[in-house]
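An overview of the molecular structure
Now for the letters of each chain:
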Amino acid sequence: MPSSADPTPLSVEVDRYLRHLAIERGRATNTVAAYRRDLAAYSAFLAADGVTAPTAITAAHITGFTQQLRTRAETPLTASSLARMLSTIRGFHRFLLDEELVSEDVAARAKPPKLPERLPKAITVEQMSALLAAVDGDDMQALRDKALLELLYATGARVSEAVGLNVDDVVDGDVVRLLGKGNKQRIVPLGSYARTAIDAYLVRARPILSVRGKATPALFLGIRGQRVSRQNAWLIIRAAAEKAKLELEISPHTFRHSFATHLLEGGADVRVVQELLGHSSVATTQIYTLVTADTLRDMYTTAHPRAR
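The sections below set out a description of the structure shown in this document.

What counts and what doesn't
- Residues numbered from 1 in each chain as written.
- Predicted model: local features only at pLDDT ≥ 70, side-chain atom pairs only at ≥ 80, totals over all residues.
- Heavy atoms only, no water.
- Helix = DSSP H or I, 4+ residues; strand = E, 2+ residues; numbered from the N terminus.
- Contact = heavy atoms within 4.5 Å.
- Areas by Shrake-Rupley, 256 points an atom, 1.4 Å probe, with all protein chains shown as cover.
- Phe/Tyr/Trp six-rings, centres within 6.5 Å; stacked < 30°, edge-to-face > 60°.
- Buried < 20%, exposed > 50% of the residue type's maximum accessible area, 1.4 Å probe, protein only.
- Axes fitted to C-alpha atoms, helices over the stretch in contact; angles between N-to-C directions.
- Parallel < 35°, antiparallel > 145°, perpendicular 65-115°, else oblique.
- Left-handed = near helix turned anticlockwise from the far one by under 90°.
- Nonpolar A, V, L, I, M, F, W, Y, C, P; charged D, E, K, R; others polar.
- Core = buried A, V, L, I, M, F, W, Y, C linked by side-chain atoms within 4.5 Å.
- 1 Å grid on protein atoms, 1.4 Å probe; cavity = no way out; pocket = protein on both sides within 12 Å on 5 of 7 lines; lining within 4 Å.
- Points joined across faces, edges and corners; volume = space filled by probe spheres on them.

Check the secondary structure of the chain and you find 14 helices and 3 strands. Across the chain, every contact between residues at least 6 apart in sequence was considered, and the portion connecting residues at least 24 apart equals 56%. Element-wise, carbon and sulfur atoms account for 52% of the exposed surface of the chain, whose accessible area totals about 17,400 Å².

Set out below in structure tokens:
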């Protein structure tokens, strides 16, 4: 551990921690960027109090920073944002301890606020059918959009996983190889609708799009031949929702939530859904069972003569 006479600057250790997250922990670029913003705010708070080295940080600083986040007049943080920021700070201090840069973890007792349980938002099977029908068409863009949205619903893929796919990740036309969080790979089956849409796109649209840009293995290509971005995928989904006249807020995660909810409503085992979603813990997947329980309760209340 560095001596008190020559402490390691805080900024140096923040950079080391972010490199650790990106390289050794395999965190996504957007995730590392969010950590960077959180730690920049934390470092600014500490600097205002004259703290420029990890060894000078105390539990009181953690408490003071948390209090500032809760009460700042300009933009007070929501409970979920505060919980995320505290998670970042706790992770940073665990890293400092693991690297023997400090003698104790001063953030160990910092408790995030209790978050209200939020159920995932899913749409009905009928609404999903309308959304997917909205991108029917024979032009290149429609063929691509149809393939992308059918894949999202068929696999429950995160949008980053879907746009990160390469052509070779569609294996024998029957399954797709997804690369999830922490570079964990999983194989997910493709339903017949997704297979048909992807085949049509690969044969009739992608070859034309691919010659418009530099050679790329990406599965989904933009109009200039480049890999479709996450932002592009959001715009595609938003346009489809508007065309389908769904007066709902539809996002890429709507597809993932609907995928899980519809599987469970159809009788799929929660551990199978866990595997398909790429959740490391079944507890994360089990929140979807609350959605189906609510659906059953609503149906019972409506249908049973003595339910009300």
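Turning our attention to the packing of aromatic side chains. Working definition: an aromatic ring pair is given by the centre-to-centre distance plus the angle between the planes. The tally for this structure, following the rule as stated, stands at 6 aromatic pairs. Pairing Y17 with F92 gives two aromatic rings, centres 5.6 Å apart and planes at 55°, and the pair type is tilted. In this pair, Y17 sits in helix α1 (residues 10–24) while F92 sits in helix α4 (residues 79–98), placing the two residues 75 residues apart along the sequence. F92 carries the same exposure label as Y17, and that label is buried. Ring plane angle 55° and centroid distance 5.2 Å describe the contact between Y42 and F65, whose orientation is recorded as tilted. Linking Y42 in helix α2 (residues 29–48) with F65 in helix α3 (residues 59–71), this pair joins segments that are 23 residues apart in sequence. Of the two residues, Y42 and F65, both sit in the buried class.

Let us now look at the packing of helix α5 (residues 125–133) against helix α11 (residues 252–265). Angle between the axes and distance between the axes are the two parameters that describe a pair of packed helices. Remark: α5 packs on α11, axes separated minimally by 11 Å, with the N-to-C direction vectors making an angle of 135°. Put simply, α5 runs oblique to α11. Two packed elements cross with a definite hand, and for α5 against α11 that hand is left-handed. Residues V125, M128, L131 and L132 of α5 touch α11, and the partners they reach there are F255, S258 and H262.

So, on to unusual backbone geometry. In the Ramachandran plot, E100 falls in the positive-phi region, its phi being about 60° despite a non-glycine side chain. Checked against the element boundaries, E100 lands in the loop between α4 and α5. Since its relative accessible area comes to 56%, E100 is described here as exposed.

So, on to the packing of α2 against α3. The interhelical angle for the contact between α2 and α3, taken along N-to-C directions, is 115°, at an axis separation of 11 Å. Classed by the angle they form, the pair α2 and α3 counts as roughly perpendicular. Considering how the two elements wind past one another, α2 and α3 form a crossing that is right-handed. Touching A41, Y42, F45 and L46 of α2 are H61, I62, G64, F65 and Q68, all from α3. Each residue belonging to the contact of α2 with α3 can be placed in one class, and the counts come to 6 nonpolar, 3 polar and no charged.

Let us now look at the nonpolar core. L131, L149, F220 and F255 are the most contacted members of the largest nonpolar core, which has 53 residues in total. Those elements giving two or more residues to this core turn out to be α5, α6 (140–155), α7 (159–163), β2 (175–179), α8 (192–204), α10 (230–243), α11 and α12 (270–277). Residues in contact with F255, not counting those within four places in the same chain, are M128, L131, L132, L149, L152, Y153, I237 and I250. Among the nonpolar cores identified, the runner-up in size contains 28 residues, and L18, L69, F95 and V102 belong to it.

We now examine the layout of surface pockets. Computed from the structure, the second largest pocket encloses a volume of approximately 330 Å³. Put simply, the parts of the chain that give the lining of the second largest pocket at least two residues each are α6 and α10.

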